[in-house]
Protein chains: 2
Amino acid sequence: MRTNNDGMEYLFNPKSIAVIGASENPEKLGYQVMKSLTMEEQPSWNTIPINPGKKEIMGIKVLPSVLEVKEEIDLAIVLLPAYLVPGKVKECVAKKVKAIILITTGFKEIEDPQGNDLQKEVAELANKAKIPIIGPNSFGLFNVSSGMNATFNSDFPTIVRKGKIALLSQSGGMAGIFGYLSKNMNIGFSKIISLGNRCNVDFAEMLGYLMEDLDTEVIAMYIEGIDNPRQLLKVAAQFRGRKPIIVYKVGRSRVSDSASQSHTGSLSGRYEIYQGAFRQAGLLTVDSSIELLDVAKALGLSLLPKGPNVAVLSGQAGPAMAACDVCEARGLKISPFNSESQTKLNNILPPISIRTNPVDLGPSWNNISMIKKSIQVILKDKITSSLLLFFVFSSVNEDNFFSLSEAFERNLEGKPIIASFHAPLGGKWENEIRSLEESNILLNYPTPERAAMALAALWEYKKIWDLRE
Amino acid sequence: MRTNNDGMEYLFNPKSIAVIGASENPEKLGYQVMKSLTMEEQPSWNTIPINPGKKEIMGIKVLPSVLEVKEEIDLAIVLLPAYLVPGKVKECVAKKVKAIILITTGFKEIEDPQGNDLQKEVAELANKAKIPIIGPNSFGLFNVSSGMNATFNSDFPTIVRKGKIALLSQSGGMAGIFGYLSKNMNIGFSKIISLGNRCNVDFAEMLGYLMEDLDTEVIAMYIEGIDNPRQLLKVAAQFRGRKPIIVYKVGRSRVSDSASQSHTGSLSGRYEIYQGAFRQAGLLTVDSSIELLDVAKALGLSLLPKGPNVAVLSGQAGPAMAACDVCEARGLKISPFNSESQTKLNNILPPISIRTNPVDLGPSWNNISMIKKSIQVILKDKITSSLLLFFVFSSVNEDNFFSLSEAFERNLEGKPIIASFHAPLGGKWENEIRSLEESNILLNYPTPERAAMALAALWEYKKIWDLRE
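A brief look at the structure comes next.

Description of the overall build of chain A
On a plain count of helices and strands, chain A comes out with 17 helices and 19 strands. Relative to its length of 469 residues, chain A is compact, with a C-alpha radius of gyration of 25 Å against a globular reference of 23 Å. The principal-axis extents of the C-alpha atoms in chain A amount to approximately 80 × 45 × 40 Å. Of all 469 residues assigned to chain A, the portion counted as buried reaches 64%. Counting 51 positive and 50 negative side-chain charges, chain A places the centres of these two groups 4 Å from one another.

Right, here's the structure in full:
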């Protein structure tokens, strides 16, 4: 197994890419990969279609084999049927190709033991030549930072935005779902990688690479089964607190455990054991795909709280209560304000509001001046480490939203502000939310519970970060 | 406490509505309520603004008091400060007003015991005259079926669609959030009601009314605290299995429990005790606002499964595994197909696909003919009671989606089909999904886990339904 990153760089930033199995039939993946690679207007790579039966694809000259290519090939993407793959890998070795993405299925994941033998053969060839392989049984990878979409989903660049999260997914299907889900969540990615059967690049190797990657600040992993858990945990522990790593591990049930064995050729194992080991290694664990993205977004865009004490400020009682339930269940504390802040709040808000933590503005839900002053007091409160904000806007108060941002200017200690704002405003409102999020002023979530959950993950990571070496 | 529905009908279907505290200042709720009531193009009610200081509001003649109104008043909406409310309720009694929505805050929910006294006084006046009151401390109610928006959120009709779900929320803030969330979830409501402090109409009374309401097929409740749990459980048990009732109860934590006491004047109580009692009474319980809507949608639009056996058919392994985890944790079973169906599937799909349950199409993910045939076999399988379907579409296979619906035509036994489909298509795609949902062909959820969760709730409700009297 490779552990150095020499070849890895060529997976993500190749200067030349050979598409072995390029096609001009839109129903073929070899067409879609060509489309993905040639869509970028100013590519930093050269795309070379390989197909012995064609002369030109998408206006680009086709060569019959990588051995006929005159220039160096940094990356080869292989799409041919499984039985042809060892031969093509041999050609790549001979051509000194530096990295391979193997999209083809029909290896370790199939019932027929021949698949396993074939994968072993490919791995041995690649390991001997020190060529890292993504796959087989992978949908490829998308370097969102550079625009290099080496997947067969040519729509990806229209769906996925640039950002700081590297998504490392065993499953191509789930990687697709995460991409689509991210569209309305203001989540951006640095890299999206589908590891597939992990021929010689497993989670541990990729983690090592992504830790060094300057475009990546958060690593989100979707795991089905792990062949070498010790190696993964060792690498994770070694990088503890350097960048947040979030894990969504499926295969918890009897059925999906055995499905994992079928699908990607590895047992998923007892989840309870994994969960404990993950935590010990400084990995954050989550329980659903939405939570993986929610938490990744928080860790990518928010500051970390210095302590567990949360202040809740809500226009109405309900959202505050729903959030408090989550906070208390996940280790956050809804503590009283210090006496100085409480006195100030008592002067700002009328007795008919609930002025203690969690603060419920009650009939003052609509009073922007009181809201702004209250936020300023709470952000300075010595006990409070973070703020949860819940407002429901409608035509009677929607203008308040746009003047709210002034209140956050004095967040001098950088306390995380996580909100769940709702408004009927559409585009203008969404742009303002996005701008607040991208300026690291606050984060917005669709429900109070998800806001509280994201904040709890920030606090969990703060504790991991404190233990870094 | 009233238990008959005589006056309740006037809350939802009044012919004449007096707005006591109508205003022409857009910052006042009395303006927003007027706007809400007068926006409907063909209202089935007459709106009468009441304000001693004005002659005309929004082109409508204003009267100084309900006592000056010549016609009968079915519903009065009261927006004046709390101390004025008992006097106005007395006028309503004198005028023989049939129902009241009391939006005003400052009653049982405030620290000052005067608030509690005031609420008692109002309740006594109303009970004596048999006038049902929604509120105080309520944002009103929206009869979505008739278009009568008696809330101060005049944007509601642009956000919320007509449907079969009655949303019964203690909190106006949460009712607003549910409304906004529903917008992208293809969820429609019959009624949205914010109960507030429950002066003399509590969950139990409203449940009784909604059970008889022809527009309502599912009841979704958001509860903070319950004054009279026995009464609620009694009514729920009495209607067991007649219409699904889903409960999201907050106030589980120490802090939010005491917040509940402050906010709506009732202790929320130990959640574990409630949960057991809810289940015994045939109520479905959920753990988040998203889950409340997800489950309400399923129960509003889907058929019920006849048994716990789920077939999973997925284009990729990952989504199937994530769903299987949820299925097994929530009482659904991923059982083997019967031998006849298995033989057929073995003939349809190549050995490289995983053909046993959960089915992973593998390299056939793209083959629409195989997909359609597989669906038809599974829908006829004697062991399978429901089907989970997971496909990720992109430009290479997006056309498949539109021919998929043929496969569902032979769903002769009416097995529930719950999907998580993802596609880059935008409007055309969304319309097709909505049409499939509204034709009761299938339901679509944003993630495989949420699809599985919704299916598990259908099975839970089937068991409740089997025990109906």
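Further notes follow.
Topic: the state of the cysteines
Residues and elements named next belong to chain B. Tallying each qualifying case throughout the model produces zero disulfides over all chains. Counting only cysteine sulfurs, C199 is the nearest neighbor of C92, a cysteine outside any disulfide, at a range of 12 Å. C92 sits in the buried class, given a relative accessible area of 0%.

Remarks on the relation of the copies chain B and chain A
With an RMSD of 0.0 Å, chain B superimposes on chain A once it is rotated by 180° and translated 0.0 Å along the axis. The relationship between the two copies is best expressed as a two-fold rotation axis. When each C-alpha of chain B is compared by its distance to the rotation axis, N184 of chain B comes out closest, at 5.4 Å. When the interface residues of chain B are mapped onto chain A, 100% of them again lie at the interface, so the same face is used by both copies.

Quick look at the side chain of S138 of chain A
Mapping S138 of chain A onto the fold places it in the loop between β7 (133-134) and β8 (140-143). Of the polar contacts made by the side chain of S138 of chain A, one reaches the backbone nitrogen of G140 of chain A; its length is 2.7 Å.

A look at the sheet that holds strand β2 (residues 46-50) of chain A
Residues and elements named next belong to chain A. The strand order β2-β1-β5-β6-β7 describes an open sheet built from five strands, whose pairing is parallel. With partners counted over all chains shown, the strands left at the sheet margins are β2 and β7, one partner each. Bridging between strand β1 (residues 16-20) and β2 involves five bridges; their strand directions are parallel. If you follow V19 over to β2, its bridge partner there is P49. Docked against the sheet, helix α2 (residues 29-38) engages β1, β2 and β5 (75-78), running at close to 165° with respect to β1.

Observations concerning the pattern of salt bridges
All names here are of chain A. The full count for this structure, using the stated rule, is 42 salt bridges over all chains. One salt bridge connects D227 with K108, and the closest N-O pair in it is separated by 3.8 Å. Of this pair, D227 sits in the loop between β12 (218-223) and α8 (229-238) while K108 is found in the loop between β6 (99-102) and α4 (113-128), placing the two residues 119 residues apart along the sequence. Overall, the relative accessible area of 37% leaves D227 in the partly exposed class.

Considering the side chain of N400 of chain A
Note on placement: N400 of chain A falls in helix α15 (residues 398-404). Filtering out sequence-adjacent residues up to four positions away, N400 of chain A remains in contact with N366, I368 and F393 of chain A.

Comments concerning the interface of chain B and chain A
Contact with chain B, which involves 69 residues of that partner, is made by 69 residues of chain A. Carbon and sulfur atoms make up 66% of the area that chain B and chain A hide from each other, which totals about 5,300 Å². Linking chain B to chain A there are zero salt bridges. Joining chain B to chain A, the criterion identifies 14 residue pairs in polar contact (both at pLDDT 80 or more).

Regarding the sheet that holds strand β17 (residues 386-392) of chain B
All names here are of chain B. Here five strands make up an open sheet; going across it, the order is β16-β15-β17-β18-β19 and the pairing parallel. Every interior strand has two partners, whereas the edge strands, β16 (359-360) and β19 (443-444), have only one. With two bridges connecting them, strand β18 (residues 417-422) and β19 associate as parallel partners. Paired with I418 across the bridge in β19 is L443.

Topic: unusual backbone geometry
A cis amide bond links G135 of chain A with the next residue in sequence, P136 of chain A, at an omega value of 0°. Inspection of the secondary structure assignment puts P136 of chain A in the loop between β7 and β8. With an omega dihedral of 0°, the bond running from N357 of chain B to P358 of chain B counts as a cis peptide bond. Tracing the sequence through the fold places P358 of chain B in the loop between α13 (339-348) and β16. Despite not being glycine, K130 of chain A has its phi angle at roughly 55°, a positive value. Overall, K130 of chain A belongs to the exposed group, its relative accessible area being 53%. One non-glycine residue, K96 of chain B, adopts positive backbone phi at about 60°. Counting through the fold element by element, K96 of chain B comes out in the loop between α3 (85-95) and β6 (99-102). Owing to a relative accessible area of 65%, K96 of chain B belongs among the exposed residues under this scheme.

Thoughts on helix α6 (residues 172-182) of chain A
Of all eleven residues in α6 of chain A, eleven are buried; the element is thus mostly enclosed. Backbone nitrogen of G173 of chain A and a side-chain oxygen of the N-cap are separated by 3.1 Å at the start of α6 of chain A; the cap is S171 of chain A.

Some points on the pairing of β6 of chain B
Residue and element names in this part refer to chain B. Of the two faces of β6, the one holding A99 and I101 and the one holding I100 and L102 are both buried throughout. In this sheet, β6 lies alongside strand β5 (residues 75-78) in parallel orientation, the contact comprising four bridges. Bridge pairing in β6 places I77 opposite I101. After leaving β5, the chain enters α3 and then returns to the sheet as β6, a path that is right-handed.

As for the packing of aromatic side chains
Inspection of the entire model under this criterion finds 33 aromatic pairs over all chains. Pairing F401 of chain A with F402 of chain A gives two aromatic rings, centres 5.1 Å apart and planes at 75°, and the pair type is edge-to-face. A relative accessible area of 1% means that F401 of chain A is categorised as buried. Ring centres of F139 of chain B and F152 of chain B lie 6.1 Å apart, and the angle between their planes is 90°; this geometry places the pair in the edge-to-face category. Highlighted residues: F139 of chain B in the loop between β7 (133-134) and β8 (140-143) and F152 of chain B in the loop between β9 (148-151) and α5 (156-159), separated in sequence by 13 residues. For F139 of chain B, a relative accessible area of 6% corresponds to the buried category.

Points about the environment of D215 of chain B
All names here are of chain B. Note on placement: D215 falls in the loop between α7 (203-212) and β12 (218-223). Taking the relative accessible area as the measure of exposure, D215 reaches 38% and is therefore partly exposed. As a C-alpha pair, D215 and D155 span 60 residues in sequence and 22 Å in three-dimensional space. Residue contacts for D215: discarding those within four places in its chain leaves S145, G163, K164, S190 and K191.

A closer look at the packing of helix α3 (residues 85-94) of chain A against α4 of chain A
Residue and element names in this part refer to chain A. Where α3 contacts α4, the axes come no closer than 10 Å and their chain directions differ by 0°. With respect to α4, the axis of α3 lies roughly parallel. The segment α3 lies against α4, with V85, P86, V89, K90 and V93 engaging L118, E121, V122 and L125. Here the contact of α3 with α4 is built from residues that sort into seven nonpolar, no polar and two charged.

Here we look at α8 of chain A
Residue and element names in this part refer to chain A. Considered for burial, the residues of α8 that qualify are L232, V235 and A236. The buried residues of α8 occupy one face: seen down the axis, they fall within an arc of 100°. Exposed and facing more than 90 degrees away from the buried side of α8 are R230, K234 and Q238. Residues of α8 that are buried sit in contact with α7 (203-212), β12, β13 (245-249) and α10 (271-280).

Points about the packing of helix α12 (residues 317-329) of chain A against helix α17 (residues 448-466) of chain A
Residue and element names in this part refer to chain A. Closest axis-to-axis distance for the α12/α17 pair is 8 Å, and the angle between their directions is 35°. You can see that α12 and α17 cross each other, and the crossing is right-handed. Residues P319, A322, A323, V326 and C327 of α12 lie in contact with α17, whose contacting residues are P448, E449, A452 and M453. Residue composition of the contact of α12 with α17, grouped by class: eight nonpolar, no polar and one charged.

Looking at the pairing of strand β15 (residues 310-314) of chain A
All names here are of chain A. A large share of β15 lies buried, amounting to five of its five residues. The side-chain alternation of β15 yields two buried faces, one formed by V310, V312 and S314 and the other by A311 and L313. Sheet analysis places β15 next to strand β17 (residues 386-392), joined by five bridges and oriented parallel. Looking at β17, one finds that L313 is bridged to L389. Where β15 lies against strand β16 (residues 359-360), two bridges are found, and the strand directions are parallel. Within β16, the residue paired with L313 across the bridge is V359.

Rules used in this analysis
Residues numbered from 1 in each chain as written. Chains lettered and ligands numbered in written order. Predicted model: local features only at pLDDT ≥ 70, side-chain atom pairs only at ≥ 80, totals over all residues. Heavy atoms only, no water. Helix = DSSP H or I, 4+ residues; strand = E, 2+ residues; numbered from the N terminus. Rg over C-alpha atoms; globule rule 2.2 N^0.38 Å. Buried < 20%, exposed > 50% of the residue type's maximum accessible area, 1.4 Å probe, protein only. Lys, Arg positive; Asp, Glu negative; His and termini not counted. Charge placed at Lys NZ, Arg CZ, Asp CG, Glu CD. Disulfide = S-S within 2.5 Å. Least-squares fit on C-alpha atoms with pLDDT ≥ 70 in both. Contact = heavy atoms within 4.5 Å. Polar contact = N/O pair within 3.5 Å; in protein donor to acceptor, adjacent residues only side chain to side chain. Pairing = 2+ DSSP bridges. Axes fitted to C-alpha atoms, helices over the stretch in contact; angles between N-to-C directions. Salt bridge = Lys/Arg side-chain N within 4 Å of Asp/Glu carboxyl O. Buried area = accessible area lost by both parts, 1.4 Å probe. Right-handed = clockwise from strand over helix to strand, strands pointing away. Phe/Tyr/Trp six-rings, centres within 6.5 Å; stacked < 30°, edge-to-face > 60°. Parallel < 35°, antiparallel > 145°, perpendicular 65-115°, else oblique. Nonpolar A, V, L, I, M, F, W, Y, C, P; charged D, E, K, R; others polar. Arc of directions from axis to C-beta. Left-handed = near helix turned anticlockwise from the far one by under 90°.

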